[in-house]
Amino acid sequence: MSKPQLNLPRIVLLDLWHHKWLCLLAVTVVLNAVAVVYASHVNRQQVSRWDQLLQQRDKLDIEWRNLLLEEQAQTEHSKITRIATKELGMHRPAPSEEVVVRVP
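Residues numbered from 1 in each chain as written. Predicted model: local features only at pLDDT ≥ 70, side-chain atom pairs only at ≥ 80, totals over all residues. Heavy atoms only, no water.

## Some points on the overall build of the protein
A tally of regular secondary structure across the protein gives 2 helices and 0 strands. On C-alpha atoms alone, the protein measures out to a radius of gyration of 42 Å, which is more than a quarter above the 13 Å that the 2.2 N^0.38 rule sets for 104 residues. The dimensions of the protein, computed from C-alpha atoms along their principal axes, are 135 × 35 × 20 Å. Put simply, the protein has 104 residues, and 1% of those count as buried. For the protein, the accessible area works out to roughly 10900 Å², and carbon and sulfur atoms hold 63% of it. (Helix = DSSP H or I, 4+ residues; strand = E, 2+ residues; numbered from the N terminus. Rg over C-alpha atoms; globule rule 2.2 N^0.38 Å. Buried < 20%, exposed > 50% of the residue type's maximum accessible area, 1.4 Å probe, protein only. Areas by Shrake-Rupley, 256 points an atom, 1.4 Å probe, with all protein chains shown as cover.)

What follows is the structure, given as structure tokens:
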């Protein structure tokens, strides 16, 4: 009596064929898990980029406010100079008209 030889790969393939819906479901679950991991990764990247853009916006806002203050200060100085020359008739003295006062 000889023992029949078992062909393990054939048995496994036949078993998989009989349970094809179960195999398809398992593959679908694995693919879904990979998709969830990928979506989470992309979401984290987008949140990180959003935070960077908010920080950049805040920096630009601060710079804009500083520029507005500087412009206001420059405008105020030129306004004073204009009023002094036009309304009060003031002018810068020439170097020969300057007097240096020394404190003993």
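## Considerations on the packing of aromatic side chains
What the rule picks out here adds up to 0 aromatic pairs. Here the basic side chain of Lys 20 rests over the ring of Trp 17, its NZ or CZ set 4.0 Å away from the ring centre. (Phe/Tyr/Trp six-rings, centres within 6.5 Å; stacked < 30°, edge-to-face > 60°. Lys NZ or Arg CZ within 6 Å of the ring centre and 35° of its normal.)

## Here's the deal with a nonpolar patch on the surface
Taken together, the side chains of Leu 6, Leu 8, Ile 11, Val 12, Leu 13 and Leu 16 present a nonpolar region at the surface, about 610 Å² in accessible area. Tracing the backbone through its elements, the reader meets Ile 11 in helix 1 (residues 8-18). (Patch = residues over 30% accessible without salt bridge, like charges linked within 9 Å, V, L, I, M, F, W, Y side chains within 5 Å. Salt bridge = Lys/Arg side-chain N within 4 Å of Asp/Glu carboxyl O.)

## Focus on the layout of surface pockets
Space inside the largest pocket adds up to approximately 150 Å³. Contributing to the lining of the largest pocket are Thr 81, Ala 84, Thr 85, Met 90, His 91 and Arg 92. Considered class by class, the residues forming the lining of the largest pocket number 2 nonpolar, 3 polar and 1 charged. (1 Å grid on protein atoms, 1.4 Å probe; cavity = no way out; pocket = protein on both sides within 12 Å on 5 of 7 lines; lining within 4 Å. Points joined across faces, edges and corners; volume = space filled by probe spheres on them. Nonpolar A, V, L, I, M, F, W, Y, C, P; charged D, E, K, R; others polar.)

## Things to note about the environment of His 91
Position of His 91 relative to the elements: it lies in the segment after helix 2 (20-86). Of the residues examined, His 91 reaches a relative accessible area of 62% and is grouped as exposed. In this structure, the C-alpha to C-alpha distance between His 91 and Thr 81, residues 10 residues apart in sequence, is 9.2 Å.

Shape descriptors only; they carry no functional weight alone.
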